[in-house]
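Close look at the chain arrangement
This is what each chain is made of:
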Amino acid sequence: MIARRHLMAGAGAAMLLPSAAWTKGTDPVATTRHGRVRGLREQGVLTFRGIRYGADTASRRFARALPPTPWRGIVDATAYGAAAPQTKATEPTSEDCLFLNIWTPALDGARRPVMVYLHGGAHAHGSGSDPLYDGGNLVRRGDVVVVTLNHRLAALGYAYLARLGGPAESGNVGNLDIILALQWVRDNIAGFGGDPGRVMIFGQSGGGAKVVTLMAMEEARPLFHSAATMSGQHVTAAGPNHATGRAKAWMAKAGAASFDALRTLPVERLVAAMGMADPIEGKGEISFTSTLDHHVLKRHPFYPGAPREAASIPLIVGNTHDETGLWIAATLKRGDTDWDNLPARLEREIVKDVDPVWLVERYRALYPDRSPGQILLAASTAARSWPGHLIQAEERARIGAPTWMYQLDFPSPEAGGVLGAFHTLDIGLVFDNVQLAGARTGNSPQVRKLAGQMADAFIRLARDGDPNGGSLPPWPHYDLDARATMIFDRDIRVEKDPRRAERELLSVAPYIKPGG
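Turning our eyes to something else, we now look at the packing of aromatic side chains. Within the structure shown, the criterion is met by 15 aromatic pairs. Pairing W184 with F192 gives two aromatic rings, centres 5.8 Å apart and planes at 45 degrees, and the pair type is tilted. F192 gets classed as buried once you look at its relative accessible area, which sits at 0%. Ring plane angle 70 degrees and centroid distance 5.7 Å describe the contact between Y406 and F488, whose orientation is recorded as edge-to-face. One end of the pair, Y406, is in strand β12 (residues 403-408); the other, F488, is in strand β13 (residues 484-488), and 82 residues separate them in sequence. For F488, a relative accessible area of 1% translates into the label buried. Of note, R364 hangs over the ring of W339, and the distance from its end group to the ring centre comes to 3.6 Å. Across from the ring centre of W327, 4.2 Å away, lies the NZ or CZ of R384, which sits over that ring.

Let's shift gears to the pattern of salt bridges. In this structure the tally under the stated criterion is 33 salt bridges. Residue E218 is joined to K298 by a salt bridge in which the shortest nitrogen-to-oxygen separation is 3.6 Å. In this pair, E218 sits in the loop between α4 (206-215) and β10 (226-230) while K298 sits in the loop between α7 (267-274) and β11 (315-320), placing the two residues 80 residues apart along the sequence. If you follow the salt bridges from partner to partner, you end up with D409, D489, D491, R493 and E495 in one network.

This brings us to the environment of I178. In this structure, I178 sits in helix α3 (residues 173-188). Here the alpha-carbon distance between I178 and H151, two residues 27 residues apart in the chain, equals 6.5 Å. Not counting the four nearest positions on each side in its chain, I178 is found in contact with L118, L149, H151, K210 and L214.

Taking strand neighbours across the sheet as the criterion, the three strands line up as β1-β2-β5 in an open arrangement whose pairing is mixed. Two strands close off the open sheet at either side, each with one partner strand: β1 (29-32) and β5 (74-76). Across the sheet, the mean angle separating the axes of adjacent strands is 35 degrees when strand polarity is ignored.

A separate point is the sheet that holds strand β14 (residues 493-496). If you walk across this open sheet you meet the 11 strands as β3-β4-β6-β8-β7-β9-β10-β11-β12-β13-β14, and the pairing is mixed. The outermost strands of the open sheet, each flanked by one partner alone, are β3 (40-42) and β14. On average, each strand axis in the sheet is tilted by 25 degrees relative to the strand beside it, whichever way the strands run. As paired strands, strand β9 (residues 194-204) and β10 are joined by five bridges and run parallel to one another.

Definitions and limits used
- Residues numbered from 1 in each chain as written.
- Predicted model: local features only at pLDDT ≥ 70, side-chain atom pairs only at ≥ 80, totals over all residues.
- Heavy atoms only, no water.
- Phe/Tyr/Trp six-rings, centres within 6.5 Å; stacked < 30°, edge-to-face > 60°.
- Buried < 20%, exposed > 50% of the residue type's maximum accessible area, 1.4 Å probe, protein only.
- Helix = DSSP H or I, 4+ residues; strand = E, 2+ residues; numbered from the N terminus.
- Lys NZ or Arg CZ within 6 Å of the ring centre and 35° of its normal.
- Salt bridge = Lys/Arg side-chain N within 4 Å of Asp/Glu carboxyl O.
- Contact = heavy atoms within 4.5 Å.
- Pairing = 2+ DSSP bridges.
- Axes fitted to C-alpha atoms, helices over the stretch in contact; angles between N-to-C directions.

Treat this as a map of the structure, not an account of what it does.
Written out as structure tokens, the structure reads:
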């Protein structure tokens with residue numbers, strides 16, 4: 001998932017360390033409300049990694065975090081801070097994890113658009129320091145400021161403990177961390193050449209889900225001015241009853257008889273318990289996500305409709321044509337799906353409650369030339385990931401909110417293209433980082449051109465509140481009549497109601513987001 005890290009060694013990895021001994025006069029030094037920080041110059045971009053935006057959360061476990069304590073002198077901001085505690089970690093983690101990273105052209109008064117990226121990994125994994133999220137190329141091509149960040153994840157960020165003795169906000173402290181980071185951006189980004197009045201938030205998968213959840217949170221909305229969700233198919237948050245049940249099961253697994261005991265257990269025990277199977281779905285890791293707590297989050301992101309309070313915020317809603325290619329990659333590469341085993345394989349992947357035998361029959365009628373593996377990919381995407389994106393765009397259209405929809409059709413070259421345009425493939429394109437192997441797009445001239453078009457569209461949304469411009473075909477607002485969708489492929493084009501037959505076929509069943 002994350003190929004490499006540039007982290008400080010030793011126990012102080014998560015700290016911004018005093019750097020009085022440094023004598024690098026050419027390194028950039030910026031001033032924040034909490035103190036000065038020293039970054040690096042990297043290929044014409046000023047980079048600051050591991051800037052503290054919040055205090056250590058260990059003493060505030062499950063509660064709203066506090067701003068950092070001011071420091072004296074200049075501290076080093078040249079290495080990423082620790083990620084949040086999580087299962088399957090691939091980098092140093094700590095409850096002291098509230099750090100952000102900045103890429104900027106200059107420390108001046110130019111007031112550039114600010115692009116704040118929220119990482120994916122559901123609400124349980126990841127950090128803001130994946131090489132794919134390096135903002136240098138966006139800065140160079142768009143004269144923008146890019147910010148990535150870490151925040152609390154999984155149970156430490158989203159376990160709903162309000163009815164079990166914990167704080168009322170416990171089911172959403174991960175989102176409150178993001179709000180704290182956005183408040184830091186509001187108060188400090190001008191010192192990094194950014195405009196606090198032009199802040200865009202964007203994210204992929206779980207990061208996209210956090211984007212649309214923040215749009216439903218009254219405390220968050222004043223802090224950003226445009227948004228984009230990439231494969232973040234959340235329509236609803238977790239309900240408080242299911243969330244309480246999951247928290248109880250997790251506490252029991254960790255060996256905590258009470259909230260007071262939970263608050264003082266070693267974090268390693270808490271993380272180990274996060275690996276348990278979900279007590280409601282009976283599979284995967286236990287699911288912790290944003291919670292409808294009637295306190296911090298008072299409504300679902302898109303139920304009973306899109307929040308009218310966020311109607312003035314321009315939004316891009318994006319998805320990839322073959323989302324499930326990421327999760328069923330091994331099956332697709334083996335190529336052993338046949339008409340006999342297809343229904344059972346399909347049933348494991350879909351969330352719409354339809355008969356898989358019926359679904360296979362209908363897809364064979366729609367696409368008589370496709371193989372069983374190709375139908376597995378198409379039907380599992382349409383009955384699992386795609387519906388949430390459609391609902392988001394549809395509900396925004398119903399209230400006349402400025403919304404643009406895209407679909408990435410360009411397939412990954414991996415395994416001869418059998419994985420299609422899978423979940424996560426748009427990250428490297430939007431960041432214009434297709435030169436990295438982790439982008440999984442290849443780095444051909446054609447791919448670089450596509451990346452430039454996608455990156456520029458996001459930059460224009462941040463700058464102007466509208467992705468149109470450049471050599472991109474005119475991109476209409478999404479509405480319920482035309483359902484205009486930008487298709488990012490070898491030939492970039494707008495299609496009306498792409499995959500209409502699949503959309504209508506699966507409209508017979510409601511969409512319920514897993515983990516809710």
